[in-house]
Amino acid sequence: MSLAHLVLFAGLLSLVIVASSSSSSPGSRSILRDISGENADQKDRAVELNSSNFDSVLRDTPAKYAVVEFFAHWCPACRNYKPHYEKVARLFNGPDAIHPGIVLMTRVDCAMKTNTKLCDRFSVSHYPMLFWGPPSKFVSGSGEPKKEKSEIVVIDDARTAERLLKWINKQTHSSYGLDDKKFENEHVRTNITDYKQISQAVYDIEEATAEAFDIILSNKVIKSSETSASFIRFIQLLAAHHASRRCRKGAAEILVNYDDLCPSGKCSYESSGGKDTLGSFPICGKDLPRGYYMFCRGSRNDTRGFSCGLWVLFHSLSVRIEDGESHFAFSTICDFVNNFFMCDECRLHFNDMCLSVKTPFKKVRDFVLWVWSTHNKVNERLMKDEASLGSGDPEFPKIIWPPRALCPSCYLSSDEKSIEWDHDNVYKFLKSYYGPKLVSLYKEKSVVGSKEETVSATAEDLTVATNALVVPVGAALAIAVASCAFGALACYWRTQQKNRKYCRGEAGTEVLEAELLMFP
């Protein structure tokens with residue numbers, strides 16, 4: 001063979017190699033997937049857990065049951081089993097779940113060194129290995145699946161999606177199917193006269209808070225000093241008085257970093273150069289379960305949900321503040337709706353009701369009753385609209401709240417056509433319903449450990465800041481708390497700031513200027 005032929009052969013061989021490597025690159029494979037439409041990547045629905053978030057996710061989920069799959073990413077059988085597991089997970093997990101709030105499907109990669117102790121805790125003997133039980137029973141404890149009295153058991157027949165779902169159906173006395181479609185919600189709670197149902201709503205106000213934050217981010221609506229100040233005031237209100245501890249913590253973290261995230265009121269929404277953005281600080285934490293409206297779940301997928309959760313949030317904020325904060329809370333909520341609620345007609349109606357208030361609120365009672373009466377006015381208007389258009393939820397028609405069956409003492413007479421309210425009893429009902437009753441279930445599920453820890457955490461969940469004062473400083477506001485403990489905490493946060501000044505409140509509490517408001 002001549003030298004020319006050898007050169008030509010080598011050139012052709014290099015072209016073949018290049019073509020072969022290029023056709024097998026990840027990019028070309030994804031293109032082929034897109035063209036064929038088969039095996040297209042779908043977002044995993046099983047929640048990935050690790051040693052740092054395992055306890056918090058399982059402790060805080062509203063789901064009644066949990067499945068934990070322990071696997072190893074190098075295990076071929078685990079890789080082959082994943083599609084089966086995901087088929088079941090899509091039924092129960094995520095915002096598009098077919099049957100949400102019932103089973104939380106999770107996974108733990110035991111091949112990760114950080115998870116070694118976690119997997120040892122549950123005596124994982126093979127991969128994949130699936131456990132079943134109430135979520136709270138997984139928290140800070142050993143699985144002990146072999147003990148007869150243990151509530152955590154090993155799923156012994158789950159080799160396929162069909163078998164796993166059959167096993168779950170047997171445990172839950174259900175008949176779910178892999179082909180189930182998005183349902184018009186069969187798990188709704190229609191008995192609104194059940195006083196205990198509001199305890200489910202703490203998850204709803206977390207969901208609504210996170211959804212409101214997502215809407216603000218996706219629409220990039222913090223565009224001026226006015227909208228920035230409105231956002232800061234609302235976040236301060238949440239940091240002080242949100243019913244959820246993790247939402248209070250998330251709001252405080254946003255306040256701490258706000259000057260860096262939104263200099264001069266202009267927020268950066270897209271990360272550049274590795275810098276944090278507003279979206280880097282989830283308002284209720286990164287481990288918040290999503291897609292689990294409970295109390296606010298409608299009988300149809302397009303009813304209730306976010307709007308209901310937002311109203312419950314407003315009610316819960318109103319009953320947790322003190323007299324000195326009542327008008328601040330009123331103006332903060334009004335400005336928030338006016339600047340950030342994207343339903344234009346709803347926003348305008350709400351703004352009109354805000355403008356009708358001519359005298360500043362001085363008592364929390366007045367503000368609580370204003371939120372209540374405003375909500376009823378909205379319901380009255382929507383009753384007429386939904387009746388004429390047939391757009392309402394058939395299982396949850398708009399009503400005047402509270403119904404007589406839930407609070408008979410709220411009514412002065414039995415006349416159904418002309419309602420007369422006993423405002424003192426209405427106020428007492430609202431304080432209890434959106435206060436201790438609201439957080440009762442959350443308090444039970446989020447506190448795990450010794451008796452002393454339980455008592456401490458319970459007190460923390462129900463603590464409402466006292467003697468809080470609204471102090472205008474520059475474009476933002478801060479609230480002072482008359483407590484040495486809170487003062488020390490404020491000092492700690494102050495040390496995290498860059499060039500932050502501070503002022504001294506009436507009770508001697510150090511307050512971060514224009515920034516942090518931190519409560520337990």
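Here the structure is a predicted model, which is why all the values come from computation and not from measurement.

(A) How the structure looks around the overall build of the protein chain. Looking only at helices and strands, the protein chain features 18 helices and nine strands. By residue count, 48% of the 520 residues in the protein chain fall in the buried class. In the protein chain, the share of contacts with a sequence separation of at least 24, taken over all contacts with a separation of at least 6, comes to 69%. Entry remark: accessible area of the protein chain is about 26,400 Å², with carbon and sulfur atoms responsible for 54%.

(B) Just the packing of aromatic side chains, in detail. Under the counting rule described, the total for this entry stands at 30 aromatic pairs. The interplanar angle of 80° and the centroid separation of 5.5 Å between the aromatic rings of phenylalanine 92 and tyrosine 176 together place this pair among those described as edge-to-face. Remark: tyrosine 176 occurs in the loop between helix H7 (161-172) and helix H8 (201-219) and phenylalanine 92 occurs in helix H4 (residues 76-92); sequence separation between them is 84 residues. Taking relative accessible area as the criterion, tyrosine 176 reaches 12% and is therefore assigned buried. Taking the centre distance of 6.3 Å and the plane angle of 85° together, the rings of phenylalanine 231 and phenylalanine 340 count as edge-to-face. Of the two residues, phenylalanine 231 sits in helix H9 (residues 225-241) while phenylalanine 340 sits in helix H12 (residues 326-340), which places them 109 residues apart along the sequence. Each member of the pair, phenylalanine 231 together with phenylalanine 340, is buried. Cluster of aromatic residues (ring-pair linked, three or more members): Trp311, Phe314, Phe330, Phe350, Phe361, Phe367 and Trp370.

(C) Structural detail: the state of the cysteines. Within this structure, the stated rule accounts for seven disulfides. Each sulfur of the disulfide joining cysteine 262 and cysteine 267 lies 1.9 Å from the other. A torsion of 105° about the S-S bond marks the disulfide between cysteine 262 and cysteine 267 as right-handed. The class of cysteine 267 is buried, set by a relative accessible area of 13%.

(D) Representation of the nonpolar core. Counting residues in hydrophobic clusters, the biggest one holds 84 residues, and the most contacted among them are Phe231, Leu278, Val312 and Trp370. Top element by residues in this core is H8. It accounts for 10 residues. What tryptophan 370 contacts, discounting residues up to four positions off in sequence, is Phe330, Cys334, Phe350, Met353, Cys354, Val357 and Phe361. Among the nonpolar cores identified, the runner-up in size contains 24 residues, and Val67, Tyr85, Phe92 and Ile102 belong to it.

(E) Broad picture of the sheet that holds strand S5 (residues 153-154). Pairing within the open sheet is mixed, and its five strands lie in the order S1-S3-S2-S4-S5. Across the chains shown, the open sheet's two edge strands, defined by having one partner strand only, are strand S1 (47-49) and S5. Relative to strand S3 (residues 103-109), S1 runs parallel, the two being bridged by three bridges. If you follow leucine 49 over to S3, its bridge partner there is valine 108.

(F) Representation of H4 within the structure. Between its terminal C-alpha atoms H4 stretches 25 Å, which fits the 24 Å expected from 17 residues at 1.5 Å a residue. Bending of H4 peaks at approximately 35° at the position of lysine 82, with proline proline 83 no more than four residues after it. Within H4 the residues assigned to the buried category are Cys78, Tyr81, Tyr85, Glu86, Val88, Ala89, Leu91 and Phe92. Where H4 is buried, its residues touch strand S2 (65-71), S3, strand S4 (129-133) and H7. Immediately downstream of H4, the backbone of glycine 94 shows phi near 85°, a positive value.

(G) Geometry of the side chain of serine 318. Within the secondary structure layout, serine 318 lies in helix H11 (residues 306-320). Residue classification places serine 318 among the buried positions, given a relative accessible area of 1%. Within polar-contact distance, the side chain of serine 318 engages the backbone oxygen of histidine 315 at 2.6 Å. Residues in contact with serine 318, not counting those within four places in the same chain, are Val364, Phe367, Val368 and Val371.

(H) Highlighting the pattern of salt bridges. Throughout the structure, instances matching the rule amount to 15 salt bridges. Arginine 121 is the partner of aspartate 55 in a salt bridge, and the nearest nitrogen-oxygen pair spans 3.4 Å. Of this pair, aspartate 55 sits in helix H3 (residues 54-60) while arginine 121 sits in helix H5 (residues 116-121), and the two are 66 residues apart along the sequence. Between arginine 347 and aspartate 344 there is a salt bridge, with its nearest N and O atoms 2.4 Å apart. Of the two residues, arginine 347 and aspartate 344 are both situated in helix H13 (residues 344-355); the distance of three residues between them amounts to about one turn of the helix. Judged by its relative accessible area of 18%, arginine 347 is buried. For aspartate 344, a relative accessible area of 43% gives the class partly exposed. Through salt bridges with shared partners, a single network forms among Arg59, Asp60, Glu206 and Arg246.

Calculation notes
- Residues numbered from 1 in each chain as written.
- Predicted model: local features only at pLDDT ≥ 70, side-chain atom pairs only at ≥ 80, totals over all residues.
- Heavy atoms only, no water.
- Helix = DSSP H or I, 4+ residues; strand = E, 2+ residues; numbered from the N terminus.
- Buried < 20%, exposed > 50% of the residue type's maximum accessible area, 1.4 Å probe, protein only.
- Contact = heavy atoms within 4.5 Å.
- Areas by Shrake-Rupley, 256 points an atom, 1.4 Å probe, with all protein chains shown as cover.
- Phe/Tyr/Trp six-rings, centres within 6.5 Å; stacked < 30°, edge-to-face > 60°.
- Disulfide = S-S within 2.5 Å.
- Core = buried A, V, L, I, M, F, W, Y, C linked by side-chain atoms within 4.5 Å.
- Pairing = 2+ DSSP bridges.
- Expected span 1.5 Å × (residues − 1).
- Bend = angle between axes of the 7 residues up to and from the residue.
- Polar contact = N/O pair within 3.5 Å; in protein donor to acceptor, adjacent residues only side chain to side chain.
- Salt bridge = Lys/Arg side-chain N within 4 Å of Asp/Glu carboxyl O.

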